[in-house]
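Structural overview for review
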Amino acid sequence: MQPTGDLSLLTLLLDASIPVQLVMLILLGISILSWAYIFSKRATLKRATEQTRDFEDDFWAGGDLSALQQSIGSRRDEHGALARIFEAGMAEFLKARRTSQRGEALLDGPRRAMRAAYQRELDSLETNLSFLASAGSVSPYIGLLGTVWGIMHAFIGLSGAQSATLASVAPGIAEALIATAIGLFAAIPAVVAYNRYTTEIDRLSIRFDGFIDEFLNILQRQVQ
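Residues numbered from 1 in each chain as written. Predicted model: local features only at pLDDT ≥ 70, side-chain atom pairs only at ≥ 80, totals over all residues. Heavy atoms only, no water.

**Quick notes on the overall build of the protein chain**
Summing up its helical and strand segments, the protein chain has 8 helices and 0 strands in all. Taken from the N to the C terminus, the helices and strands of the protein chain come in the order α-α-α-α-α-α-α-α. In the protein chain, which comprises 224 residues, the share counted as buried stands at 38%. Here the contacts in the protein chain between residues at least 6 apart in sequence split such that 81% fall between residues at least 24 apart. (Helix = DSSP H or I, 4+ residues; strand = E, 2+ residues; numbered from the N terminus. Buried < 20%, exposed > 50% of the residue type's maximum accessible area, 1.4 Å probe, protein only. Contact = heavy atoms within 4.5 Å.)

So this is what it looks like as structure tokens:
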């Protein structure tokens, strides 16, 4: 590689070897997808938290549970995950009561229905988190691959030179290290977002789990 004297970022990217440029393009794609999922998941979890808080306020206001269940059933997407869990359990409870079931048998259906709804809601909230985890763990290695290849390419280019000076080595090393920098740029936000969103989902799951137990206790008092 002949030194051009221009070590600007754009020049280094354009002058990089084809394999290094391919690595950079892959990392750029991963980074764009990661940021898209980060913003999308942030909005989803914020909305889920607000909907959960609103439903808890409505539920503990002491109104008629059947009326609350009917209002949720007509607009399930607007009330959030916890409301859908409640609606599944309440619908099953009313169905079991119409079939004249008694005792624990009356609560088995609502318990199973809410647990199934609970798992579906968690799976929905965790959508795309696996991509963020993979991007955070794999991107640095992809960037390192580009760096290793770039350094190899730089030294192979110097093998035919009569003298190796810092000026002749610097561009090749710089373009190689850019791949690692881009890999870290893709990985760090993905890891931070994954850890943060996992924590938020865990908090929501604890609230869902606690609500299921409390609601089952309310139903149990009604059948006694």
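**Quick word on the nonpolar core**
One finds F55, F59, F86, M90, L125, F208 and F215 to be the most contacted residues of the largest nonpolar core, which totals 45 residues. Mapped by element, the contributors of at least two residues to this core are α2 (18-59), α3 (65-74), α5 (81-98), α6 (104-125), α7 (129-158) and α8 (166-223). Ranked by residues supplied to this core, first place goes to α8 with 12 residues. In this structure F59 touches L65, L68, F86, F211, F215 and I218, once residues within four positions along its chain are discounted. (Core = buried A, V, L, I, M, F, W, Y, C linked by side-chain atoms within 4.5 Å.)

**Describing the environment of I201**
Relative to the elements of secondary structure, I201 occurs in helix α8. Since its relative accessible area comes to 2%, I201 is described here as buried. Along the chain, I201 and L45 lie 156 residues apart, while their C-alpha atoms are 7.7 Å from each other. When neighbours within four sequence positions are excluded, I201 is seen to be in contact with L45, L122, L125, E126 and L129.

**Brief notes about the packing of α2 against α5**
Between two packed helices, both the angle of their axes relative to each other and the distance between the axes serve to describe the pair. One can describe the packing of α2 onto α5 by two numbers: an axis separation of 7 Å at closest approach and a directional angle of 45°. One element, α2, and the other, α5, form an angle in the oblique class. Between α2, through T52, F55, E56 and F59, and α5, the contact on the second element is made entirely by L82, A83 and F86. Its residues placed into classes, the contact of α2 with α5 shows 5 nonpolar, 1 polar and 1 charged. (Axes fitted to C-alpha atoms, helices over the stretch in contact; angles between N-to-C directions. Parallel < 35°, antiparallel > 145°, perpendicular 65-115°, else oblique. Nonpolar A, V, L, I, M, F, W, Y, C, P; charged D, E, K, R; others polar.)

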